[in-house]
Amino acid sequence: MVHIENLTFGYGAGGFRLRVPEFTLAEGERVAVVGPSGSGKTTLLNLIAGILTPEAGRIDVAGTEVSGLSDARRRRFRASRIGFVFQDFALLDYLSARQNICYPYRITPALTLDKEARERAESLAAACGIGDKLDRHPSELSQGEQQRVAICRALVTQPGLILSDEATGNLDPDSKARILDLLFEQAALAGAAVLAVTHDHELLPRFERVLDFAQFRAAPET
């Protein structure tokens, strides 16, 4: 599902540098990413999703070289093929929770917001415990409820790849387990791979593999 070769990325001269010689995520695989703050975990997710572009190297997702696409094609590819749970949720406050969940269908012509998609959005919201809050706007929701909306949005298109940046970070232990169950259940239904950044080591046994990201952090260039 994901293959990276000789990836290099940096934030300005003498600043943060990331080098990934090789990384592979198999179809349907569930991998947790751990490492100290500032080691580049979120940066890697953004590179895989095409939000950032590498200085050098190659990133393939589902057979498509994402790093070689134009900005517009990367956006379309991300909306239709990748489910991304952002750490800051990235919800649009002028849209209701229901509209935020269905937002990928609004911005991607390749996706059709039909009855099945709407029913899937409602079903996901119910499973996440926000089925009665779909008409509320993000400012009317708690942080945990906003997080659930973001998770539903990532799952609603049944993507082949789910990228999760601390998807359970603001939830209580029981909710964490329930949301992770939902994430894995939906991933299994879609045959999707999951790459999840987490600081919660209690969740690590739920994953098939754990990647310690500290190995990819390179020293600043002088």
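Here, every reference points to the structure presented above.
Conventions adopted
- Residues numbered from 1 in each chain as written.
- Predicted model: local features only at pLDDT ≥ 70, side-chain atom pairs only at ≥ 80, totals over all residues.
- Heavy atoms only, no water.
- Helix = DSSP H or I, 4+ residues; strand = E, 2+ residues; numbered from the N terminus.
- Rg over C-alpha atoms; globule rule 2.2 N^0.38 Å.
- Buried < 20%, exposed > 50% of the residue type's maximum accessible area, 1.4 Å probe, protein only.
- Contact = heavy atoms within 4.5 Å.
- Areas by Shrake-Rupley, 256 points an atom, 1.4 Å probe, with all protein chains shown as cover.
- Pairing = 2+ DSSP bridges.
- Axes fitted to C-alpha atoms, helices over the stretch in contact; angles between N-to-C directions.
- Salt bridge = Lys/Arg side-chain N within 4 Å of Asp/Glu carboxyl O.
- Lys, Arg positive; Asp, Glu negative; His and termini not counted.
- Polar contact = N/O pair within 3.5 Å; in protein donor to acceptor, adjacent residues only side chain to side chain.
- Phe/Tyr/Trp six-rings, centres within 6.5 Å; stacked < 30°, edge-to-face > 60°.
- Lys NZ or Arg CZ within 6 Å of the ring centre and 35° of its normal.
- 1 Å grid on protein atoms, 1.4 Å probe; cavity = no way out; pocket = protein on both sides within 12 Å on 5 of 7 lines; lining within 4 Å.
- Points joined across faces, edges and corners; volume = space filled by probe spheres on them.
- Nonpolar A, V, L, I, M, F, W, Y, C, P; charged D, E, K, R; others polar.

Caption draft 1: Layout of the overall build of the protein chain. In terms of regular secondary structure, the protein chain is built from seven helices and 10 strands. Taken over the C-alpha trace, the protein chain has a radius of gyration of 17 Å; the compact-globule value for 222 residues is 17 Å, and the two agree within 12%. Buried residues in the protein chain amount to 52% of all 222 residues. Across the protein chain, the fraction of contacts at a sequence separation of at least 24, relative to all contacts at a separation of at least 6, is 73%. Here the protein chain displays about 10200 Å² of accessible surface, and carbon together with sulfur accounts for 46% of that area.

Caption draft 2: Region of the structure containing the sheet that holds strand β8 (residues 193–197). Within the open sheet, the five strands sit side by side as β6-β7-β8-β3-β9. Their pairing is parallel. Of all strands in the sheet, those with a lone pairing partner are β6 (82–85) and β9 (209–212), marking the two edges. Strand-to-strand twist in this sheet, taken as the mean axis angle between neighbours without regard to direction, amounts to 15°. Where strand β7 (residues 161–165) lies against β8, five bridges are found, and the strand directions are parallel. Looking at β8, one finds that aspartate 165 is bridged to valine 197. Together, β6 and β7 form the strand contacts of helix α2 (residues 71–81), whose direction differs from that of β6 by roughly 85°. The strands touched by helix α6 (residues 143–155) within the sheet are β6 and β7, with β6 carrying the most contacts at an inclination of about 170°.

Caption draft 3: Representation of the pattern of salt bridges within the structure. Throughout the structure, instances matching the rule amount to 13 salt bridges. Arginine 209 is the partner of glutamate 29 in a salt bridge, and the nearest nitrogen-oxygen pair spans 2.9 Å. Here glutamate 29, found in the loop between β2 (17–25) and β3 (30–34), pairs with arginine 209, found in strand β9; they are 180 residues apart in sequence, far enough to count as distant. By relative accessible area, glutamate 29 is classed as buried at 14%. Using a relative accessible area of 29% as the deciding quantity, one classes arginine 209 as partly exposed. A network of salt bridges, in which partner residues are shared, links Arg58, Asp60 and Glu65.

Caption draft 4: How the structure looks around the side chain of glutamate 166. You can see glutamate 166 is positioned in the loop between β7 and α7 (173–190). Within the buried core, glutamate 166 has no salt-bridge partner, and the shortest N-O distance to an opposite charge, that of lysine 41, equals 6.3 Å. Engagement of the side chain of glutamate 166 in a polar contact is seen with the side chain of histidine 199, the distance being 2.4 Å. With residues near it in sequence (within four places) discarded, glutamate 166 still touches Gln87, Gln147, Val197, Thr198 and His199.

Caption draft 5: Structural view of the packing of aromatic side chains. Under the counting rule described, the total for this entry stands at three aromatic pairs. Ring geometry for phenylalanine 9 versus tyrosine 11: centroids 4.8 Å apart, planes at 90°, classification edge-to-face. Measuring from centroid to centroid gives 5.3 Å for phenylalanine 184 and phenylalanine 207, while their planes differ by 90°, and the two rings are edge-to-face. Placement of phenylalanine 184 in helix α7 and of phenylalanine 207 in the loop between β8 and β9 is noted, with a sequence separation of 23 residues between them. Residue phenylalanine 207 is classed as buried on the basis of its relative accessible area of 9%. Its guanidinium or amino end placed over the ring of phenylalanine 184, arginine 30 lies 4.4 Å from that ring's centre, counting from NZ or CZ.

Caption draft 6: Representation of empty space enclosed by the protein in the model. Across all of its chains, the model carries one cavity of 30 Å³ or more by this definition. Each pocket or cavity is described by its volume, and for the largest cavity that value is around 70 Å³. In this structure, the largest cavity is lined by Ser164, Glu166, Ala167, Thr168, Leu180, Leu183, Ala196, Val197, Thr198, Leu203 and Phe207. Of all elements in the fold, only α7 and β8 reach the threshold of two or more residues within the lining of the largest cavity. Looking at the lining of the largest cavity residue by residue, the classes come out as seven nonpolar, three polar and one charged.

Honestly, that's just the spatial picture; any functional story needs more than this.
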